[in-house]
Amino acid sequence: MLYGYPEPRTLRVHKFAHEIHSNLDFRKKFQSSPDETMIEYGLTDEEREVVKSRDSVRMAKWGLTPYAIAYIEREAYMSHKL
Amino acid sequence: MAEIVGAFTFSHAPQILTEPDFGPEYKNQLKKIHEGLMEVGNRISKASPDVVLLLGSDHLESFFLQNYPQLLIFAGDEISGTYSGYTLKLKGHADFARDLLFNLVGSGFDLSFSQEMSLDHPYISPMAWVTKTTPDSLRFIPFHINSNVAPKVNPSRCLELGRAIRRFLDGYNKVERVVILGTGGLSHFPGTPRYGTVDGEADRAVMDIVAEGRCTKLADFSDEWLDDRGEFEIRTWMTVAGAVGNVPGEILAYQKTWHCGMCVASYDVQHAN
């Protein structure tokens, strides 16, 4: 399933990804100290591992939408918009 | 009776606006898309519409998971949004939007509406170019058709929505001239392992249908086919097809970039009215 339903357990990571996408200061903060930023944001161990995996298949199977995945894969770690 | 005096569909990839440096070939590809979009603006200007219906699809930007609409019409007086440092401001047409909203709800389409929302890249990216060649006085009604977040609007429902819009226009006499635009497509796979591939064969199938004047056939593609081929965003094209019917189309530009098949299409609406 390339374009799955956003599973409820992913809500916090969806919000995190949205913040990465829409808030340049937050994105820069994440890029300079990803672990600290995710902990401050309140992501659980499991959620942080999903983000850090940068693995689109894993993220999709976990229930993230492609846009949250893209915001994490391409904007959090690669410093440019979609 | 309000007449459809222009109909166009085109891609809305963010890169159309952000113009990342992916080399000279890519730059040239974007230039051709920009020229196509500005030609759309020229044609809109010549058509001199009272209002422009602007069909797009949110990507979890304008809307989020606290309340995600399948169909939503903007019914306010003005709207704006900023993407990648570029701000687009559009005049709305609240009276027309309200009348269309009531009509569509009355005919079975349970639209949401907004009088305050922010535009994002599905509108800003292409319209930054289209509006370079349109007058500032032009009035727009953004209209969200969920093409990106599962479950998406059923293709046949997109077509029927266009037909319902057409029936409304046929019986409406408060404006005379309407242009309808659809943004999205063609093949691309954002946020998936297939990002960076483009299904050129599927793009050709879509463009052939448009060029051959069979655009209502776009709604025959299944949800699964659209996802598998990266063509899920042509739902807005289906709604345009429902509004104009099977009129001849013209591909003003097509570029198969490394990440997205980008296309600009025009419809011969002389045959639509």
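Residues numbered from 1 in each chain as written. Chains lettered and ligands numbered in written order. Predicted model: local features only at pLDDT ≥ 70, side-chain atom pairs only at ≥ 80, totals over all residues. Heavy atoms only, no water.

Caption draft 1: Representation of the environment of Glu233 of chain B within the structure. Residue and element names in this part refer to chain B. Residue placement: Glu233 occurs in the loop between helix 7 (223-228) and helix 8 (235-244). With 45 residues separating them along the chain, Glu233 and His188 place their C-alpha atoms 9.3 Å apart. Not counting the four nearest positions on each side in its chain, Glu233 is found in contact with His12, His59, Ser147, Asn148, Thr183, Gly184, Gly185 and His188. At a separation of 3.2 Å, a polar atom in the side chain of Glu233 contacts the side chain of His12. (Helix = DSSP H or I, 4+ residues; strand = E, 2+ residues; numbered from the N terminus. Contact = heavy atoms within 4.5 Å. Polar contact = N/O pair within 3.5 Å; in protein donor to acceptor, adjacent residues only side chain to side chain.)

Caption draft 2: Geometry of the pattern of salt bridges. Residues and elements named next belong to chain B. Tallied over the entire structure, the rule returns 20 salt bridges over all chains. Where Asp99 meets Lys174, a salt bridge forms, and the shortest distance between an N and an O atom there is 3.3 Å. Taken together, the positions of Asp99 in helix 3 (residues 94-106) and Lys174 in the loop between helix 5 (155-170) and strand 8 (177-183) put the pair 75 residues apart, joining distant regions of the chain. Residue classification places Asp99 among the buried positions, given a relative accessible area of 16%. Among the charged side chains, a network of salt bridges with common partners joins Asp95, Arg98, Asp99 and Lys174. (Salt bridge = Lys/Arg side-chain N within 4 Å of Asp/Glu carboxyl O. Buried < 20%, exposed > 50% of the residue type's maximum accessible area, 1.4 Å probe, protein only.)

Caption draft 3: How the structure looks around the packing of aromatic side chains. Following the criterion strictly, the structure yields 13 aromatic pairs over all chains and no others. Aromatic pair Phe16 of chain A and Phe30 of chain A: ring centres 5.7 Å apart, planes at 70°, arrangement edge-to-face. With Phe16 of chain A in helix 1 (residues 11-22) and Phe30 of chain A in helix 2 (residues 24-32), the pair connects residues that are 14 residues apart, well separated along the chain. Residue Phe16 of chain A shares its accessibility class with Phe30 of chain A, and that shared class is buried. A centroid spacing of 5.2 Å and a plane angle of 85° characterise the contact between Phe22 of chain B and Trp258 of chain B, whose relative ring orientation is edge-to-face. One end of the pair, Phe22 of chain B, is in the loop between helix 1 (15-18) and helix 2 (24-47); the other, Trp258 of chain B, is in the loop between strand 9 (249-256) and strand 10 (261-267), and 236 residues separate them in sequence. Residue classification places Trp258 of chain B among the partly exposed positions, given a relative accessible area of 36%. One aromatic cluster is present, formed by Phe16, Phe26, Phe30 and Tyr41 of chain A through successive ring pairs. Lys132 of chain B extends its terminal NZ or CZ atom over the ring of Trp129 of chain B, reaching a point 4.8 Å from the ring centre. (Phe/Tyr/Trp six-rings, centres within 6.5 Å; stacked < 30°, edge-to-face > 60°. Lys NZ or Arg CZ within 6 Å of the ring centre and 35° of its normal.)

Caption draft 4: Representation of the state of the cysteines within the structure. Tallied over the full model, the rule gives 0 disulfides over all chains. Looking at the unpaired Cys263 of chain B, the closest cysteine sulfur is the one in Cys260 of chain B, lying at 10.0 Å. (Disulfide = S-S within 2.5 Å.)

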